Amino acid sequence: MTDAIITFRSVSKHFGQLKVLDEVDLDIHKGEVVVLIGPSGSGKSTLLRCINGLEQITGGDLVVNGMSVLGGNKVLREIRQEAGMVFQQFNLFPQMTALQNVAFGPQQVRGMSARQARELARELLAKVGLADKADHEPAELSGGQQQRVAIARALAIKPKVMLFDEPTSALDPELKQEVLNVMRALAAEGMTMVVVTHEMCFAKQVGTRLIFMEHGKIAVDGRPGDVIDTPPNDRMKDFLQHV
Amino acid sequence: MEVNWLIIWDFIPQLLKGAQVTVHITVVGLLGGVILGAIAGLMRAYGNSVINAIAFVYIEVIRGTPIVVQVMFLYFALPVLASIRIDPMTTAVLAIVINAGAYIAEIVRGAVLSISKGLSEAGLAIGLPRWKVIRYIVGPLAFRRLIPPLGNQFIVSLKDTSLFIVIGVGELTRTGQEIMAANFRAVEIWTAVAVMYLIMTGVLSLMLRMIEKRMRIL
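Residues numbered from 1 in each chain as written. Chains lettered and ligands numbered in written order. Predicted model: local features only at pLDDT ≥ 70, side-chain atom pairs only at ≥ 80, totals over all residues. Heavy atoms only, no water.

- Looking up chain B in an unreviewed UniProt entry gives the name Glutamine ABC transporter permease GlnP, with the organism given as Roseinatronobacter alkalisoli.
- Its UniProt record gives chain B a comment under Sequence similarities (unreviewed entry), which states: "Belongs to the binding-protein-dependent transport system permease family. HisMQ subfamily."
- Of the comments in the UniProt record for chain B, the one headed Function (unreviewed entry) reads "Part of the binding-protein-dependent transport system for glutamine; probably responsible for the translocation of the substrate across the membrane." (UniProt positions renumbered as here; feature names shortened; annotations may be inferred.)

- Naming follows an unreviewed UniProt entry, where chain A appears as Glutamine ABC transporter ATP-binding protein GlnQ of Roseinatronobacter alkalisoli.
- As recorded by UniProt, the Sequence similarities (unreviewed entry) comment attached to chain A reads in full: "Belongs to the ABC transporter superfamily."

Okay, here's the thing in structure tokens:
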């Protein structure tokens with residue numbers, strides 16, 4: 001296919017001697033919801049973080065929306081504006097209110113006026129169901145609410161792809177759903193998403209593609225329904241029994 | 001000789017003049033020290049290996065040698081080495097800048113590194129350049145954590161100015177010494193000198209506590 005928005009070409013990543021990604025080839029297309037799973041240390045988070053250059057690849061090439069992550073700082077910043085990221089630990093800016101957190105990016109990066117940015121932020125907070133929390137500081141919000149603000153913050157720079165790095169792993173079970181629901185709605189709008197998660201229900205219901213990683217390689221790549229019900233590989237079967 | 005506290009009154013104007021010199025050296029010296037320390041601290045926190053090494057050597061040399069030796073070096077060794085002759089007052093200010101700068105650099109580095117890496121990443125991930133991440137996200141958070149140890153360093157530096165007695169700067173301690181040499185009123189004069197230092201450090205502490213109170217540590 002030609003409409004790949006993210007292309008890995010034998011991408012490797014080393015931390016010193018340790019090889020975390022081993023010549024990964026992968027095309028992600030517009031509108032796909034790719035769910036990445038795998039045991040810890042398999043390289044799934046690293047693979048995600050290479051896409052927006054938070055980790056530097058040490059071999060091969062990685063092209064996002066037509067730009068290579070090897071293109072230098074300026075190109076990297078442009079890539080980051082096309083690939084929003086949501087972190088496991090939310091990482092909201094604690095000195096800013098929810099609204100300021102969301103408005104900060106568009107104002108600083110997209111050059112919006114303060115008023116426009118605030119309007120956009122209000123819209124996005126309403127979208128994630130937090131219109132009434134706009135003036136609260138992160139410390140006053142629950143984990144699930146913080147993560148929804150973080151999603152709004154990532155959306156505010158109008159990315160073409162959303163990267164989720166274990167977005168619900170730090171949340172209590174009853175708070176996971178509110179975040180997953182927002183992600184579900186996002187997928188329904190056709191957003192391209194790459195999601196590292198352990199939520200197999202979400203993978204099955206929302207994912208259009210499931211990738212099982214092992215030892216820095218893609219071990220399984222298929223339709224979530226198929227590969228979860230009948231894992232094509234023993235280690236994946238074993239892994240799924242423990243999730 | 002009987003202790004006569006009233007005698008202090010006669011020397012108050014002279015001691016105040018000394019205290020004024022102490023405040024002057026402290027304020028100008030710390031202004032420079034904060035700037036130098038911020039630069040060296042950021043070099044340590046964000047610089048590549050060369051920049052980091054330069055800051056590291058500076059900090060270690062200053063932290064590893066007594067301030068009196070540093071003052072002596074500036075005042076007596078520098079003219080021999082580089083034929084740069086500086087007057088006592090400038091030497092004093094410079095010594096505080098260089099000395100406080102090294103300690104403040106470590107304070108700045110510690111504060112910056114104490115801010116979770118995830119916050120920097122969150123800033124970078126929305127496409128901010130590194131300097132904006134430092135300016136708008138890490139900086140304001142680190143600043144709050146900087147205040148308590150910085151206040152400590154300010155007080156240490158203020159008291160360090162008493163060492164400039166060795167190069168003849170007429171600061172508070174030197175002034176006290178001169179008065180004492182003339183009238184041998186050791187108890188009264190040194191008590192007065194101590195109280196003046198306490199007032200200066202007390203005011204400094206109070207100011208810092210007010211700033212701390214107004215800023216929540218996040």
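1. Observations regarding the packing of helix H3 (residues 98–109) of chain A against helix H4 (residues 114–127) of chain A
Residues and elements named next belong to chain A.
In step 1: Interaxial distance between H3 and H4 falls to 8 Å at its minimum, and their mutual angle equals 125°. When the interaxial angle is binned, H3 and H4 end up oblique. Seen along the crossing, H3 lies across H4 with a hand that is right-handed. Note on element contacts: H4 touches H3 through Ala 114, Ala 117, Arg 118, Leu 120, Ala 121, Arg 122, Leu 124 and Leu 125, opposite Ala 98, Leu 99, Val 102, Ala 103, Pro 106 and Gln 107.
In step 2: Looking at the contact of H3 with H4 residue by residue, the class counts come to 11 nonpolar, one polar and two charged. (Axes fitted to C-alpha atoms, helices over the stretch in contact; angles between N-to-C directions. Helix = DSSP H or I, 4+ residues; strand = E, 2+ residues; numbered from the N terminus. Parallel < 35°, antiparallel > 145°, perpendicular 65-115°, else oblique. Left-handed = near helix turned anticlockwise from the far one by under 90°. Contact = heavy atoms within 4.5 Å. Nonpolar A, V, L, I, M, F, W, Y, C, P; charged D, E, K, R; others polar.)

2. Considering unusual backbone geometry
Residue and element names in this part refer to chain A.
In step 1: Although it is not a glycine, Glu 23 adopts a positive phi angle of roughly 45°.
In step 2: As for its placement among the helices and strands, Glu 23 is situated in strand S2 (residues 18–29).
In step 3: Phi is positive for His 215, which is not a glycine, with a value near 50°.
In step 4: Among the residues examined, His 215 registers a relative accessible area of 65% and is labelled exposed. (Buried < 20%, exposed > 50% of the residue type's maximum accessible area, 1.4 Å probe, protein only.)

3. Observations regarding the nonpolar core
In step 1: The biggest cluster of nonpolar side chains holds 91 residues, and the ones touching the most others in it are Ile6(A), Phe8(A), Leu62(A) and Phe164(B).
In step 2: Discounting residues that sit within four places of it in the chain, Phe8(A) has contacts with Val24(A), Asp25(A), Leu26(A), Leu47(A), Ile51(A), Asp61(A) and Leu62(A). (Core = buried A, V, L, I, M, F, W, Y, C linked by side-chain atoms within 4.5 Å.)

4. Some thoughts on the confidence of the model for chain B
In step 1: Averaged over all residues, the pLDDT of chain B equals 94, while 99% of them reach at least 70.
In step 2: We note a pTM of 0.85 for the whole complex and an ipTM of 0.92 for its interfaces. (pLDDT = per-residue confidence, 0-100.)

5. Thoughts on the interface of chain B and chain A
In step 1: Facing the 19 residues of chain B at the interface are 22 residues of chain A.
In step 2: Of the roughly 1,700 Å² buried where chain B meets chain A, counting both sides, 65% is carbon and sulfur surface.
In step 3: Counting the surface chain B buries against chain A, the share from its top three residues, Glu121(B), Ala125(B) and Ile126(B), is 32%.
In step 4: Joining chain B to chain A, the criterion identifies one salt bridge.
In step 5: A salt bridge links Glu121(B) to Arg49(A), with the nearest nitrogen and oxygen atoms 2.5 Å apart.
In step 6: Our enumeration of links across chain B and chain A arrives at five residue pairs in polar contact (both at pLDDT 80 or more). (Buried area = accessible area lost by both parts, 1.4 Å probe. Salt bridge = Lys/Arg side-chain N within 4 Å of Asp/Glu carboxyl O. Polar contact = N/O pair within 3.5 Å; in protein donor to acceptor, adjacent residues only side chain to side chain.)

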